[in-house]
Amino acid sequence: MERVNNIFGRVFDNMNENLLNKENGDYEKDGLIYCGICKTSKQQVKNIAGVDTLVPTNCDCREKEVKEREEKLREYQRIMRFKGLRDSAFDDNLLLSQTFDKDDGSLEHRKLGLNYVENFRDMEKENIGLILTGSVGTGKTFLAAAIANALIDKEISVKMTNFSVILNDMMNLEIKKNKYIENLNKFNLLIIDDFGMETDTSFATEHIFNIIDSRYRANKPLIITTNLSIETLTNASTLKEKRIYSRILEMAIPVIFTGKDRRLIKTREKAKKLNKLIEGGDKNCEMMR
C-alpha cells in the first residue's frame, strides 16, 4: 500500500508542479494555489488510499474555458452530422432548397406535412407513410422534400430518391442487390419520387416490389409521390401491379393534390417578365435611334 501511495504521490506532485502561473497572478493561500484571474482554487485535498493528497482541479475560469471548448466541439459534431444527413439524403441537390420556409403560400397540404414531421416518431413506430398523388406540378415533390429537410433538422435520417436512380443502380453488376436494399432500410424514412414511371417491365416490377416489401418487413415508413390516381392504385390491371400497389396502400395513407400546375404558373410568370424585358429593350432601342 505504501508503494501505491508513493506512486500516486509522485503523479500528483508532477501535476501540481506547474500549476503556479505567476504571470497570471496566481498565489498560494492556506497551502493551496489560487488562480490570479478568478480567485478560485486550482487545487483540492482528496483522500486517496487513506492519505490526504493535493489534487489539481479546474478553477472557475479554466472550467468555463473547458465547457466552451466542449460546446464548440459538440456544435462542430452537430454540424458534421447535419452535413452527413443532408449529403446522403438527396440525389438531386435542388431538393435541399425545397423547405417549408421557402413555401410561397401555395403549397397544398402544408399543415399535414408539418404535423407528419412533428409526430414522426409515432408515425415511425406505427409504420405510417404517405402516398402523395395528383397531377404534374401540383407540389407533391416539394412537400416530400420539405418533410425530408425538416426531419433532417431534427437529426432524423431520410433518403429521397426515385426509381430511375434505383433501377439504374440495380442494373449495375458491381452492386450487391441485397446490400443495396439493406442500406435503403437503414434510413428512418425512405421517400420515392415519381413512383409508377418505370413499372412497364418485369425487371422493374420485380425490383420495385422487393424494395417496397423489404421496407414493409423492416417496419420502416415510406413516402411516395406519384401521378397515378387512387383509382389506378386500387384497381391494378395486372397481378404484379396489384402486389405492389396493395403493399403500398397497406403502408401509406393517400393524400390527393388537386391544385394547379405550379410549374406552368411559374413558366407563365417568367414569360410575362420576359415580354416586359423585350418590350423595354425595344423602347430603349427606339430611344437610342
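The coordinates are above.
Residues numbered from 1 in each chain as written. Predicted model: local features only at pLDDT ≥ 70, side-chain atom pairs only at ≥ 80, totals over all residues. Heavy atoms only, no water.

**What about the overall build of the protein?**
When you go through the protein residue by residue, the secondary structure sums to 11 helices and 9 strands. Here the protein, with 289 residues, has 39% of them falling under the buried criterion. Sequence separation of at least 24 residues holds for 71% of the intrachain contacts in the protein that already meet a minimum separation of 6. Accessible surface, the protein as shown: approximately 18,100 Å² in total, 51% of it carbon and sulfur. (Helix = DSSP H or I, 4+ residues; strand = E, 2+ residues; numbered from the N terminus. Buried < 20%, exposed > 50% of the residue type's maximum accessible area, 1.4 Å probe, protein only. Contact = heavy atoms within 4.5 Å. Areas by Shrake-Rupley, 256 points an atom, 1.4 Å probe, with all protein chains shown as cover.)

**Focus on helix α10 (residues 239–251)**
Think of an α-helix as 3.6 residues a turn; residues three or four steps apart then line up on the same face. The terminal C-alpha atoms of α10 lie 19 Å apart, and with 13 residues this matches the ideal 18 Å at 1.5 Å per residue to within 8%. Of all the residues in α10, the buried ones are Glu241, Ile244, Tyr245, Arg247, Ile248 and Met251. One face of α10 carries all of its buried residues, which in axial projection span an arc of 160°. Turned more than 90 degrees from where α10 packs its buried face, Leu239 and Lys242 sit exposed. Tucked into the core, α10 has its buried residues touching β5 (129–134), β7 (189–195), α8 (202–217), β8 (222–226), α9 (230–234) and β9 (252–257). (Expected span 1.5 Å × (residues − 1). Arc of directions from axis to C-beta.)

**Examining the sheet that holds β9**
In any sheet, the strands associate via hydrogen bonds between backbone groups, in a parallel or an antiparallel arrangement. Strand order in the open sheet made by the 5 strands is β6-β7-β8-β5-β9, with parallel pairing throughout. The open sheet has two free edges, formed respectively by β6 (158–162) and β9, since each of these has just one partner strand. On average, adjacent strands in this sheet sit at an angle of 15° to one another, irrespective of strand direction. (Pairing = 2+ DSSP bridges. Axes fitted to C-alpha atoms, helices over the stretch in contact; angles between N-to-C directions.)

What is shown is where atoms sit, not what they do.
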